[in-house]
Amino acid sequence: MLKIGICGYGTVGQSLISHLEMHNDKIMSNISEEFVVALIADRSIDKKDHRKDIAITKDVMDIPSSSEIDIVIELMGGIDIPYKLITASIKNKKHVITANKALIAEHGDELFQLAEKHNVYFGFEASVAGAIPVIQTLTNNMSNEDILSITGIINGTCNYILDQMSSHDLEFTDALNEAKKLGYAEADPTFDINGMDAAHKISILASLIYKVKSPLKSTYVEGIENITSMDISFAKELGYCIKHVGITNKQNNSIQCRVHPVLVHKDNILSQVLGVMNAVLITGDKFGTSMLYGHGAGGDATASAVVSNLVEAINFSSNKDLRNKIIFKNSGSCSFDITKNNDISSPFYLRIYARDISGVMAEITNILANQNISIEAVTQHEPADLDSLIPIVMITNNVDGLSIDKSITKIESLAHVEGKVHAIRVLKTDDK
Ligand code: NDP
Ligand code: HSE
């Protein structure tokens, strides 16, 4: 009988317990040895409803040190304590499962090697895209392919907020509060909003497929904090919606790794990914493009990915299969350059506040023309009164980030332009 220790009894931990109860028969039919949840550790366990037949402790370090526990499931969040807990668990020959993307993005290579050295299972399916089996798909089903690119909506909270702002006219803060209530947001939602959570996820995927060491450090990160209802409605007027995406791809000896908002054309399949849903478009040299779609956050969705790892861990424990050797082989061994964000080309959406004075548009277009930037679409509304500023919105041709930055600096210095120019990349894919 294998004994499980669960560290962290919050949104995901509680959903995991109910999932294990509800699907007990199904899970039992897929595993080679029986298991029981023997210990739950959580610093505020006394404030939570918990099963009285499972032992509890407030000190999570009781779990790696317990000679009883065979499999440790880390569902706390944060980096330092989970790192200490997981390294101690692996060294004590315990199999480990975690949903912690921040930890994997920061210390994945080291933990993979440690797990391989001690011949224990290490699962982290829930760390990227919630219920979607993206890690399993990339490291198993697609591992014989050359993955050319991944473009994904990989933060459920951002997608939920942008969708609520667009479809239900909700204010940013109200939409964020809803996402917190529904258990989508991180304990500290700053990481959702400022793009760090998506950066953790895209860098995990980049390190798995390109075997590059610590791509997080060179990942370009931009969140959704500057997206306004006005941007969303201008984008709609031009036939787009705004999404937050993570992108990684490989060109020659260089990889891109970035997360930021983009305009997505209404005919692009990613524009149909609404609410908390996530979608990951994977392009391989042979299979073309596949899309994985599903619930990207929330207790039940995440617990489902944890359970899939648990079943693997139990079977690994009795069969000692080759999984770790295969999926962690050469981890961190490749030395691709990571392309600087400014070197990457795409069309851009620009929102500029200007006085409605004749000649101002000509000044702006001259600046753009001097950088060889042409305008593909433009929209501007009547000013409310003669003195008021008008937002001018345009979409450019395909242009690199450096040329856009240079133009923006010049546009912002024009006498009749006020404040900062807001620039958002437009997603460039084959279909639109
Ligand atoms: P919660 O904040 O809901 O739960 C975490 C629990 O762990 C809380 O009860 C917390 O106590 C406890 N805890 C945190 N640190 C310690 C510690 N040092 N010692 C003891 N107990 C501790 O988080 P979630 O369940 O939402 O997330 C858990 C993990 O899963 C995170 O890594 C998250 O990024 C990841 N994840 C979450 C998803 C989601 O949709 N929620 C989706 C995918 C991954 P307290 O309440 O006192 O802080
Ligand atoms: N806070 C994360 C999100 C949870 O909203 O996507 C899933 O990783």
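Since we're looking at a predicted model, the values are computed, not measured.

Criteria and cut-off values
- Residues numbered from 1 in each chain as written.
- Chains lettered and ligands numbered in written order.
- Predicted model: local features only at pLDDT ≥ 70, side-chain atom pairs only at ≥ 80, totals over all residues.
- Heavy atoms only, no water.
- Near = heavy atom within 4 Å.
- Polar contact = N/O pair within 3.5 Å; in protein donor to acceptor, adjacent residues only side chain to side chain.
- Areas by Shrake-Rupley, 256 points an atom, 1.4 Å probe, with all protein chains shown as cover.
- Helix = DSSP H or I, 4+ residues; strand = E, 2+ residues; numbered from the N terminus.
- Nonpolar A, V, L, I, M, F, W, Y, C, P; charged D, E, K, R; others polar.
- 1 Å grid on protein atoms, 1.4 Å probe; cavity = no way out; pocket = protein on both sides within 12 Å on 5 of 7 lines; lining within 4 Å.
- Sits in = over half its atoms within 2 Å of the grid points.
- Expected span 1.5 Å × (residues − 1).
- Buried < 20%, exposed > 50% of the residue type's maximum accessible area, 1.4 Å probe, protein only.
- Contact = heavy atoms within 4.5 Å.
- Phe/Tyr/Trp six-rings, centres within 6.5 Å; stacked < 30°, edge-to-face > 60°.

Chemist: With reference to specific residues and values, describe the site of ligand 2.
Modeler: If you check the shell around ligand 2, you find 13 residues, and the closest are Lys-101, Thr-157, Tyr-184, Glu-186 and Asp-192. One nitrogen or oxygen atom from the main chain of Gly-156 is found 2.7 Å from an oxygen atom belonging to ligand 2. At a separation of 2.7 Å, a nitrogen atom of ligand 2 approaches a polar side-chain atom of Asp-192. Contact with the protein chains covers 95% of the free accessible surface of ligand 2, which is 250 Å². When residues of the shell around ligand 2 are traced back to their parent elements, those giving at least two are helix 7 (156-167) and helix 10 (196-210). Grouping the constituent residues of the shell around ligand 2 by class yields four nonpolar, four polar and five charged.

Chemist: Tell me about the site of ligand 1, and please be specific about residues and values.
Modeler: The environment of ligand 1 is formed by 25 residues, the closest being Asp-42, Ser-44, Lys-48, Glu-186 and Gly-298. Here an oxygen atom of ligand 1 and a side-chain polar atom of Glu-186 are 2.6 Å apart. At 2.6 Å, a backbone N or O of Gly-298 approaches an oxygen atom of ligand 1. Contact with the protein chains hides 84% of the accessible area of ligand 1, taken as 890 Å² for the molecule alone. Judged by the fraction of its atoms near the pocket grid, ligand 1 is located in the largest pocket. Classifying every residue of the shell around ligand 1 by side-chain character gives eleven nonpolar, nine polar and five charged.

Chemist: Outline helix 7, supporting the account with residue identities and numerical values.
Modeler: The terminal C-alpha atoms of helix 7, which comprises twelve residues, lie 16 Å apart, in line with the 16 Å expected from a rise of 1.5 Å per residue. Counting buried positions over the twelve residues of helix 7 gives eleven, a clear majority of the element. Here helix 7 has its buried residues at Gly-156, Thr-157, Cys-158, Asn-159, Tyr-160, Ile-161, Leu-162, Asp-163, Gln-164, Met-165 and Ser-166. Contacts from the buried residues of helix 7 go to strand 7 (147-153), helix 8 (172-181), helix 9 (190-193), helix 11 (229-237), strand 9 (240-251) and strand 11 (277-284).

Chemist: I'd love a proper account of the environment of Leu-402, names of residues and values included.
Modeler: Counting through the fold element by element, Leu-402 comes out in helix 15 (residues 401-412). Judged by its relative accessible area of 40%, Leu-402 is partly exposed. Note: C-alpha distance between Leu-402 and Asn-342 (60 residues apart in sequence) is 4.8 Å.

Chemist: So, the packing of aromatic side chains: which residues are in play, and what are the values?
Modeler: Summed over all chains, the structure comprises six aromatic pairs. Between the aromatic rings of Tyr-121 and Phe-316, the centroid separation amounts to 5.8 Å while the plane-to-plane angle is 65°, which identifies the pairing as edge-to-face. On the criterion of sequence distance, the pair formed by Tyr-121 in the loop between helix 5 (101-117) and strand 6 (122-123) and Phe-316 in helix 12 (residues 299-319) is long-range, its members being 195 residues apart. Assigned by exposure class, Tyr-121 and Phe-316 land together as buried.

Chemist: Talk me through the environment of Asn-144; I want residue IDs and the actual numbers.
Modeler: Position of Asn-144 among the secondary structure elements: in the loop between helix 6 (134-141) and strand 7. Taking relative accessible area as the criterion, Asn-144 reaches 74% and is therefore assigned exposed. Separated by 140 residues in the primary sequence, Asn-144 and Gly-284 place their C-alpha atoms 9.8 Å from one another.

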